[in-house]
Amino acid sequence: MEGTKPVNKKLVAALSGGAVLVLALTGCGGGDGNEKLDAWAKEVCDAVQPQAKKIEAANTAIQKETSDNSTPEQVQKTDAKAFQDMSDAYKAMGAAVQKAGPPNVDDGEKKQKDAVKELDSLSSAYASLKTQVEDLDAKDQAKFADGLKDIATELNKLGKNGSDALRNLEEGDVGKAMAKQPSCKSATAPAAQG
């Protein structure tokens, strides 16, 4: 089992980067009485929180599989399910931001569109990682470890590129309004282990 260990650790580190991305959806700061914006933030935060939890659970599953002496088959199965869950979660987040409409701020429409596009593209990226993991040859330890290495590289890229539009969505008043929502606060509570 030695072969997959270090690679799995890399995978977990890369995934934790991805989790940070979701938590980027939860701003911080005070806020000033913009009721429309507060209502928007509440709708988005309430919808995003269960998805953030789902992504966190997927991360945890991968970490657990990594720390146990798991066979490549087990790792493959767990990772594939985790990537599917993440794909579903990002898709649901995109739908939530879409449904909430543009936030009541300057450039709200552009910010909303960009964030939805980004969340949808993250959803597709994780769906494609799921296929990649399923296509690995779990019977060949060395090949499997190499394949995981490629997936970890992809994940790193996702973590780096993935959050610009989300950060942009949360700048200024939007972030402040989101920070006031209990559901957004609790989504950030568990820090990503990295």
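Values in this document were obtained by computation on a predicted structure and should not be read as measured data.

**Student:** Give me the lowdown on the overall build of the chain, citing residues and values where you can.
**Tutor:** Helix and strand counts for the chain come out as 8 helices and 0 strands. From first element to last, N terminus to C terminus, the chain shows the α and β order α-α-α-α-α-α-α-α. In the chain, buried positions account for 47% of the 194 residues. Considering only contacts within the chain whose residues lie at least 6 apart along the sequence, 86% involve residues at least 24 apart.

**Student:** Could you give an account of the nonpolar core, naming the residues involved and the relevant values?
**Tutor:** Residues Trp40, Phe83, Tyr126 and Met178 are the most contacted members of the largest nonpolar core, which totals 39 residues. Every element with two or more residues in this core is listed here: helix H2 (35-67), helix H3 (72-100), helix H4 (108-135), helix H5 (141-161), helix H6 (164-169) and helix H7 (172-179). Considering each element in turn, this core owes the most residues, 10 residues, to H3.

**Student:** Break down the state of the cysteines for me, citing the residues and quoting the values.
**Tutor:** Under the definition given, this model contains 1 disulfide. With a sulfur-sulfur separation of 2.0 Å, Cys45 is cross-linked through a disulfide to Cys184. Looking along the S-S bond of the Cys45-Cys184 disulfide, the torsion reads about -85°, which is the left-handed sense. With Cys45 in helix H2 and Cys184 in helix H8 (residues 182-188), this pair connects stretches of sequence that are 139 residues apart.

**Student:** Please provide a residue-by-residue account of H3, values included.
**Tutor:** Under the 1.5 Å per step criterion, the end-to-end length of H3 is 42 Å for 29 residues, consistent within 8% with the ideal 42 Å. Where H3 terminates, the next one or two residues include Gly101, which has phi positive at roughly 80°.

**Student:** I'd like to hear about the packing of aromatic side chains, residue by residue, with values.
**Tutor:** With the rule as written, the count across this model stands at 2 aromatic pairs. Ring geometry for Phe83 and Tyr126: centres 6.2 Å apart, planes at 35°, overall tilted. Separated by 43 residues along the polypeptide, Phe83 in helix H3 and Tyr126 in helix H4 bring together distant segments of the chain. In this structure Phe83 comes out as buried when scored by relative accessible area, which is 0%. Clustering of aromatic rings is evident, with ring pairs tying together Phe83, Tyr90 and Tyr126.

**Student:** Tell me what's going on with the confidence of the model for the chain, and back it up with residues and numbers.
**Tutor:** When pLDDT is averaged across the chain, the result is 80; 75% of the residues are at 70 or more. In the model of the chain, helix H1 (residues 4-23) stands out as the element of lowest mean pLDDT, 58, in contrast to H3, which has the highest, 94. Long-range and interchain partners of residues 26-31, a stretch whose pLDDT sits below 50, account for 16 contacts in this model, where long-range means more than four residues apart. Here residues 188-194 scores under 50 on pLDDT; set against residues more than four positions off or in separate chains, the count is 10 contacts.

Scoring rules and cut-offs
- Residues numbered from 1 in each chain as written.
- Predicted model: local features only at pLDDT ≥ 70, side-chain atom pairs only at ≥ 80, totals over all residues.
- Heavy atoms only, no water.
- Helix = DSSP H or I, 4+ residues; strand = E, 2+ residues; numbered from the N terminus.
- Buried < 20%, exposed > 50% of the residue type's maximum accessible area, 1.4 Å probe, protein only.
- Contact = heavy atoms within 4.5 Å.
- Core = buried A, V, L, I, M, F, W, Y, C linked by side-chain atoms within 4.5 Å.
- Disulfide = S-S within 2.5 Å.
- Expected span 1.5 Å × (residues − 1).
- Phe/Tyr/Trp six-rings, centres within 6.5 Å; stacked < 30°, edge-to-face > 60°.
- pLDDT = per-residue confidence, 0-100.

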